[in-house]
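Observations on the model geometry
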Amino acid sequence: AGEDDLRREALIKRARLYEDGLGNTVNAIEGWREVVLATEDGATPPAEHAYREAVGELERLYRLRKQWHDLVALFEARLARSGEPSETSELRLKLAELFEIQLADLPAAIDQYEHVINERNRWEPAVQSLERLVVHETHRERIAELLEPVYRSQDWWQKLVVILDAKLDYVRDPAD
């Protein structure tokens, strides 16, 4: 365990040196990726601390370099590792924002908002985002389907009336 801690510490120093000392963000990213790989066991508190530092630095550098697909992969890897519901919801919200704003992939963003709503943890920001996105005609029906049960469960009747009115545009069968 001591050798692993020393190795992680050396990898962290090297990643910092690449960016801060040499101004080489490409090598710094590779260095932080090595730190993540060196913390895969995550069993010890130092490994978990190093992991959190590494993914924080990777997120910052990916945003700086506009490496959106790498950032998506990072969030997805963190989701696979996360066992904490609040962390999972936070990651899904970040992922949804990334899909929506940076990658203009509204269906993928809506998928993430749906996960947050279904997991029932930090669902309010997901609902607010879906309410903002309901203006997109191509996605309105799906968003209405996601918002209706939330509005019913929260007794938000005025919002429910609006969403049901929007759903009328998509009703094909007169019996419905």
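Below is a summary of the structure that appears in this document. All of these numbers come straight from a predicted model, not from anything done at the bench.

This paragraph deals with the environment of I29. Its place among the elements puts I29 in helix α2 (residues 25-38). Residues in contact with I29, not counting those within four places in the same chain, are L58, L61, Y62, R65 and Q67.

Evaluated as defined, the whole model comprises 22 salt bridges. The salt bridge partner of R81 is E48, with a shortest N-O separation of 3.2 Å. Of this pair, R81 sits in helix α4 (residues 68-81) while E48 sits in helix α3 (residues 45-65), and the two are 33 residues apart along the sequence. Judged by its relative accessible area of 23%, E48 falls in the partly exposed class. For R122, the salt bridge is made with E90, and the minimal N-O distance between the two is 2.2 Å. Taken together, the positions of R122 in the loop between α6 (106-119) and α7 (123-133) and E90 in helix α5 (residues 85-102) put the pair 32 residues apart, joining distant regions of the chain. Among the residues examined, R122 registers a relative accessible area of 34% and is labelled partly exposed.

About the cut-offs
- The numbers attached to residues start from 1 for each chain and follow its sequence in the written order.
- Confidence filtering applies because this is a predicted model: local features only for residues at pLDDT of at least 70, side-chain atom pairs given and counted only at 80 or more, and all residues used for totals across whole chains, interfaces and linings.
- Only hydrogens and water are removed before side-chain values are computed, so all heavy atoms of the structure are retained for them.
- Under the DSSP-based scheme used, a helix requires at least four consecutive residues in state H or I and a strand at least two consecutive residues in state E, with every element numbered from the N terminus.
- Whether two residues touch is decided by their heavy atoms; if any such pair falls within 4.5 Å, the residues are in contact.
- What makes a salt bridge here is a side-chain nitrogen of Lys or Arg within 4 Å of a carboxyl oxygen of Asp or Glu, nothing more.
- Here the term buried applies to any residue with accessible area under 20% of the maximum for its type, exposed to any over 50%, and partly exposed to those in between, with areas from a 1.4 Å probe on protein chains only.

Geometric values such as these leave the question of function open.
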